[in-house]
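Structural overview
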Amino acid sequence: MQGLEMPSPEWIALAVIQALIMIGLAPLATGFTRVLRAKMHSRKGPGLLQDYRDIAKLLRRQEVAPNPSGLVFKVMPFVLISTMLLIGMALPTVTNSSPFPIAGDVITDIYLFAIFRFFFSLSGLDSGSVYAGVGSSRELTLGVLVEPILMLAIFTMALSAGTFDLGYISTYMATETWAVPGAVLLAGVACAFAVFIEMGKLPFDSAEAEQELQEGPLTEYSGSGFALVKLALGLKQLVVAQLFLAIFIPFGKAAELTFSALLVATPILFAKLFMVFLIAGVIENSVARTRFLKTHHLTSVGFGIAVLGFIFYLIGL
C-alpha cells in the first residue's frame, strides 16, 4: 500500500477523516495558544473557543476585494486550504503507514508547503496594497531563511531511512535501530526549530501585532475569504507539528488498520500535539521579539545544526 500504489478505500477513508479532523481542530489549536499566552501574561484573554466564533462571524460577513486585485487574490484562500489538507491526508499520524501515499512523498510535501507560501505572499502583491506588499516581502524572506533548514533536516532523515516516503520513514524510526543516531538527533533539533518558526511563534513573529507582521499579506482580506485564510493558517500549525511528530516521534501509533488500534492511537496523538503546542507556547511567551533584520542570525544557528546533522550522516555517526 506504500509507494505509488493506489490505497484501498479504507485507507482513503482514514486519510479524509484525519484531514477533516485537522481542519476541525485548527481553531481549537490556535485558541489554546491564545489562552496560554493570556495566562502567561496574567490577563483574562479570549476563551478557548473564540477562534471558532471569529471564523463563524467572518463567514457571515460580506467579502470585499480591492479594485487592483486579480485572480490570485481570489483563489489564495482555497489554495492554502487545499495544500494543507492534501498534506494532512498523507501524514502518518495514527498509523505508521501513510493513508494517502500518493501525496506522502517528502519532496511532494515540501513543494506543497512552497506553494502555500508562494500564494500567501503573492496575494499581498496582487491586492495592490503597499502595506500588504511589505508583509509579502517579509514572508518570502522568512521562507528563504527557514525552508532550507526544514528541507535539509527531512532529507537527512529520508537518506537515513533509505526512502522519501513518509510512511516508510515513520516505520523506520518506530521499529528499526537507528543507523546514525547522532544525525537523527541533530536533524530532529533542526526540524523542531524550523517547525517552531513555521508555526508563527515569537521571536520571529509578533503575537500581538499579527496584521503588521505575520499576516501582512491579509490586510485587504475580509469576510469569508479572511475566515478561510485564518483557518488555513491554523491548519498549517497542526500540519507542521504532526509532520515533526510523524518523522521524529512516531511512537504509540496503530500497527494495523483496526478500530481498536486506532482508538488507542488517537488519544496518544492528541497528547503529543498538546505537548507540542504547550512547549511552543511556553517558549514563545518566554522570549522577546527580535528585530526582523536580525532574524538571519537566529536561523543561521538552525541551519548550522541541520548541516551538522547531514555531516554526521555522511560520516556514519
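Everything in this summary refers to the structure shown in the same document. Counting restarts for each chain, with residues numbered from 1 along the sequence as it is written. Where local features are concerned, this predicted model is filtered to residues with pLDDT of at least 70; where side-chain atom pairs are given and counted, the filter is 80 or more; whole-chain, interface and lining totals use all residues. Side-chain measures were taken over the full set of non-hydrogen atoms in the model, leaving aside hydrogen atoms and water.

Observations concerning the packing of helix 1 (residues 9–40) against helix 3 (residues 71–90)
Formally: For every element, the axis is a line fit to its C-alpha atoms; helices are fit only across the contacting stretch, and the angle between N-to-C directions ranges from 0 to 180 degrees. Each helix is a run of H or I in the DSSP string that is no shorter than four residues. Each strand is a run of E no shorter than two, and both are numbered from the N terminus. Any angle between 65 and 115 degrees counts as roughly perpendicular, while under 35 counts as roughly parallel, over 145 as roughly antiparallel, and the rest as oblique. In this scheme, a crossing is called left-handed if the near helix is turned counterclockwise away from the far one by less than a right angle; it is called right-handed if the turn is clockwise. Any two residues whose heavy atoms approach within 4.5 Å are treated as being in contact. Residues were grouped as follows: Ala, Val, Leu, Ile, Met, Phe, Trp, Tyr, Cys and Pro as nonpolar; Asp, Glu, Lys and Arg as charged; and all remaining residues, including Gly, as polar.
Two elements in contact, helix 1 and helix 3, have axes separated by 8 Å at closest approach and are oriented at 130 degrees. Considering their axes alone, helix 1 and helix 3 lie oblique with respect to each other. Between helix 1 and helix 3 lies a crossing of right-handed hand. Taken together, the residues of helix 3 that come into contact with helix 1 (itself represented by Ala-15, Val-16, Gln-18, Ala-19, Met-22 and Ile-23) are Ile-81, Leu-85, Gly-88, Met-89 and Ala-90. Split by residue class, the contact of helix 1 with helix 3 holds nine nonpolar, two polar and no charged.

Section: the packing of aromatic side chains
Selection criterion: In summary, the pairing rule links any two rings of Phe, Tyr or Trp, Trp by its six-membered ring, whose centres are within 6.5 Å, and it sorts them by plane angle into stacked for under 30 degrees, edge-to-face for over 60 and tilted for everything else. In this scheme, a residue with accessible area under 20% of its type's maximum is buried, one over 50% is exposed, and one in between is partly exposed, where area comes from a 1.4 Å probe on protein chains only.
As enumerated under the stated definition, the model contains seven aromatic pairs in all. Summarising the aromatic geometry, the rings of Phe-155 and Phe-164 are spaced 5.7 Å apart at their centres and angled 85 degrees between planes, so their arrangement reads as edge-to-face. You can call Phe-155 partly exposed: its relative accessible area is 25%.

As for the environment of Leu-20
Structurally, the position occupied by Leu-20 is in helix 1. A sequence separation of 158 residues divides Leu-20 from Trp-178, and the C-alpha atoms of the two residues are 33 Å apart.

A look at empty space enclosed by the protein
To be explicit about the condition: Using a grid of 1 Å spacing that covers the protein atoms alone, one calls a set of points a cavity when a 1.4 Å probe fits there but cannot get out, and a pocket when the set is open and has protein on both sides within 12 Å along at least five of seven lines; lining residues are those with an atom within 4 Å of a point. Grid points are joined across faces, edges and corners, and a volume is the space filled by probe spheres set on the points.
Overall, the coordinates contain two cavities of 30 Å³ or more when judged by the stated rule. Looking at the second largest cavity, its volume works out to about 50 Å³. Split by residue class, the lining of the second largest cavity holds four nonpolar, no polar and four charged.

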